[in-house]
Amino acid sequence: MLFFSFFKTLVDQEVVVELKNDIEIKGTLKSVDQYLNLKLDNISTVNEEKYPHLKAVKTLFVRGSTVRYVHLSANSVDCTLLQDASRREAMAQAGK
């Protein structure tokens, strides 16, 4: 649940999603669900000449299981808050 909560804080921010088939898609994160499926608006591919068919696509739904990495800008991550949340979740798991 930690990653789901973290990604919910990134809604309406620009991200680059790298898929397992090596396509990198840049867009605005509009929604995320518990399976880490992502909805992106205003998308563009990083390598447009390699994937010209994606130029016409503006909104994209990405299944969470196809995502390799999500690249974020450094200023969009609050490291202290993320570390605290990680510690709380680890302590909760240890208490079970």
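Residues numbered from 1 in each chain as written. Predicted model: local features only at pLDDT ≥ 70, side-chain atom pairs only at ≥ 80, totals over all residues. Heavy atoms only, no water.

Draft legend 1. Representation of the UniProt feature "domain: Sm" (unreviewed entry) in the protein. UniProt annotation of "domain: Sm" (unreviewed entry) refers to residues 2-76 when read in the numbering used here. Note that residues 2-76 is 9% helix and 43% strand, and that its end C-alpha atoms are spaced 16 Å apart. (UniProt positions renumbered as here; feature names shortened; annotations may be inferred. Helix = DSSP H or I, 4+ residues; strand = E, 2+ residues; numbered from the N terminus.)

Draft legend 2. The sheet that holds strand S2 (residues 24-32), seen in detail. In spatial order, the strands read S4-S3-S2-S1-S5; together these five strands make up an open sheet with antiparallel pairing. For this open sheet the edge positions go to strand S4 (59-62) and strand S5 (67-71), each flanked by a neighbour on one side alone. Across this sheet, the average inter-strand angle for adjacent strands is 40°, counted without regard to direction. Direction of pairing for S2 relative to strand S3 (residues 38-45): antiparallel, over a ladder of six bridges. Paired with Ser31 across the two strands is Lys39, which belongs to S3. (Pairing = 2+ DSSP bridges. Axes fitted to C-alpha atoms, helices over the stretch in contact; angles between N-to-C directions.)

Draft legend 3. View of the nonpolar core. Within the largest apolar cluster, 19 residues are counted, with the highest numbers of intra-cluster contacts made by Val17, Leu19, Ile25, Leu38, Leu40 and Val62. Of all the elements in the fold, those that place two or more residues in this core are helix H1 (2-8), strand S1 (14-19), S2, S3 and S4. Apart from the residues within four sequence positions on either side, Leu19 is in contact with Ile25, Val62, Thr66, Val67 and Arg68. (Core = buried A, V, L, I, M, F, W, Y, C linked by side-chain atoms within 4.5 Å. Buried < 20%, exposed > 50% of the residue type's maximum accessible area, 1.4 Å probe, protein only. Contact = heavy atoms within 4.5 Å.)

Draft legend 4. Broad picture of the environment of Gln13. Turning to its location among the elements, Gln13 is positioned in the loop between H1 and S1. Given a relative accessible area of 27%, Gln13 falls into the partly exposed group. Taking the C-alpha atoms as reference points, Gln13 and Asp84, 71 residues apart in sequence, are found 22 Å from one another. Ignoring any residue separated from it by four or fewer positions in sequence, one finds Gln13 in contact with Gly27, Thr28, Leu29 and Ser76.

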